[in-house]
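# Descriptive analysis of the structure
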Amino acid sequence: MAGLGVGLQAIQVKIVAKGEDAPGSTERAFLTNSSSAHVIYQAHSSEKGWLDVVSEGVAGTTGKNLGLEALRIVVSGADVSVRVRAHVSELGWQDWANNGEVAGTTGKNLPIEALMIELQGRDSASFDIYYRLHVQEYGWLDWAKNGEPAGTTGLSYKAEAIEISLVAKNDKAPGNIEVPYIEKPSVSYSSYSGDEWGSSVSSGATSGATGKSVPINAVKLTISSGFMDGGVSYRAHLSDMGWQDMVSDGAQAGIANNSHVVQALQISLTGDVSQYFD
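Residues numbered from 1 in each chain as written. Predicted model: local features only at pLDDT ≥ 70, side-chain atom pairs only at ≥ 80, totals over all residues. Heavy atoms only, no water.

## A short note on the overall build of the protein
When its secondary structure is counted, the protein shows one helix and 25 strands. For the protein, the C-alpha radius of gyration of 26 Å lies well beyond 19 Å, the compact-globule estimate for 278 residues. Principal-axis analysis of the C-alpha atoms gives the protein an extent of 90 × 50 × 35 Å. Contacts in the protein between residues at least 24 apart in sequence constitute 62% of all its contacts with a sequence separation of at least 6. Surface accessibility of the protein: about 15000 Å² in total, with carbon and sulfur atoms responsible for 44%. (Helix = DSSP H or I, 4+ residues; strand = E, 2+ residues; numbered from the N terminus. Rg over C-alpha atoms; globule rule 2.2 N^0.38 Å. Contact = heavy atoms within 4.5 Å. Areas by Shrake-Rupley, 256 points an atom, 1.4 Å probe, with all protein chains shown as cover.)

Right under this line is the structure:
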């Protein structure tokens, strides 16, 4: 029981014929803890190349506008391997890099934008691996863990540095875990006009008709915000009725008939997504 400060109190030994089953479970034959296991990693930054190896500290740079382009990670002191998946500018999500292999690219001037990291191996169930990225425009995001995405996608914001922490399973996270990953949300919407609902469209497309003098009577809006908490609230100003109550997330604003016309709309984002997007 390495690193636990506990001595052996009893032992059983048995010899069996080659290839026969073990006399009992071998799952917990050797125990370790997080104090004897360490995550070791190295960052490749634009203009600087491979930087010094660190263990549970910051790898990369901050305040220098230099992208984090590649990363390699290993775990020592336990029977654990680690794999990393990088989302690279212009290339998207790449294949997993295993146990010290390079995740990302070098020599292409393509920064990493997001990462997933997870543990494998016999002792992996004894640990959680936490990680966070320092991202262009946002600075340090919160901590992700165990294969969750960290960083951003859809925004073309480069990651600049990373911090990784290996902790005993279910121990306290090293910091906030609220917003480790920001994905550009998409908005979808439809409108009622001319006695029918139109097809749902998204992100800047036109709902309704132009040049036909057919007014909109009602609308519905939703957003897809990925891993981030949030939604959309909105209300309609109707002819002869004024402002209506606020509704949200796909509910109908307005009246789906030709009796009243939408004259104005008020729309706002809600939840965490409202802190990062307009």
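## With respect to the packing of aromatic side chains
Given two aromatic rings, one states the distance between the centres and the angle between the planes to describe the pair. One pass over the full model with this rule turns up four aromatic pairs. Ring centres of Tyr192 and Trp197 lie 5.6 Å apart, and the angle between their planes is 70 degrees; on these two criteria the pair is classed as edge-to-face. Taken together, the ring pairs connect Tyr138, Tyr157 and Tyr276 into an aromatic cluster. A cation over an aromatic ring shows up here: Arg72 above the ring of Trp50, its NZ or CZ 3.8 Å from the ring centre. In this structure, Arg132 packs its charged tip against the face of Trp140, placed 4.4 Å from the ring centre. (Phe/Tyr/Trp six-rings, centres within 6.5 Å; stacked < 30°, edge-to-face > 60°. Lys NZ or Arg CZ within 6 Å of the ring centre and 35° of its normal.)

## A word on unusual backbone geometry
Despite not being glycine, Glu56 has its phi angle at roughly 55 degrees, a positive value. With respect to the helices, strands and loops of the structure, Glu56 is situated in the loop between strand 3 (54–55) and strand 4 (58–60). Relative accessible area serves as the criterion here: at 29%, Glu56 is assigned to the partly exposed category. Even without a glycine there, the phi angle at Asp195 is positive, about 70 degrees. By the element assignment, Asp195 lies in the loop between strand 17 (186–193) and strand 18 (196–197). Note on Asp195: relative accessible area 55%, which makes it exposed. (Buried < 20%, exposed > 50% of the residue type's maximum accessible area, 1.4 Å probe, protein only.)

## Regarding the nonpolar core
Tyr41, Ile73, Ile117, Ile129, Ile162 and Ile164 are the most contacted members of the largest nonpolar core, which has 51 residues in total. Counting residues per element, the ones that place at least two in this core are strand 1 (38–45), strand 5 (68–76), strand 6 (81–88), strand 10 (112–120), strand 11 (127–135), strand 15 (159–168), strand 20 (218–224) and strand 21 (231–238). Top contributing element to this core by residue count: strand 11, with five residues. (Core = buried A, V, L, I, M, F, W, Y, C linked by side-chain atoms within 4.5 Å.)

## Remarks on the confidence of the model for the protein
Confidence in the prediction for the protein averages 90 pLDDT; 92% of positions are at 70 or higher. Note that pLDDT drops below 50 for residues 1–7; the model gives that stretch 14 contacts with residues more than four away or on any other chain. (pLDDT = per-residue confidence, 0-100.)

## Some remarks on the pattern of salt bridges
In the structure shown here, the tally under the stated rule is five salt bridges. Arg122 is the salt-bridge partner of Asp79, the closest N and O atoms lying 3.5 Å from each other. Of this pair, Asp79 sits in the loop between strand 5 and strand 6 while Arg122 is found in the loop between strand 10 and strand 11, placing the two residues 43 residues apart along the sequence. A relative accessible area of 38% means that Asp79 is categorised as partly exposed. Residue Arg122 is classed as partly exposed on the basis of its relative accessible area of 43%. (Salt bridge = Lys/Arg side-chain N within 4 Å of Asp/Glu carboxyl O.)

## Topic: the side chain of Glu160
If you trace the backbone, Glu160 turns up in strand 15. One buried charged side chain, Glu160, makes no salt bridge at all; its nearest oppositely charged neighbour is Lys158, positioned 5.2 Å away. Excluding its chain neighbours within four sequence positions, the residues that come into contact with Glu160 are Gly60, Thr61, Gly63, Asn65, Leu66, Leu68, His134 and Gln136. (Lys, Arg positive; Asp, Glu negative; His and termini not counted.)

## Describing the pairing of strand 14 (residues 150–153)
In the sheet, strand 10 pairs with strand 14 via two bridges, with the strands oriented antiparallel. Paired with Leu115 across the bridge in strand 14 is Ala150. Pairing between strand 14 and strand 16 (residues 181–183): three bridges, direction parallel. Note that in strand 16 the partner of Thr152 across the bridge is Ile182. (Pairing = 2+ DSSP bridges.)

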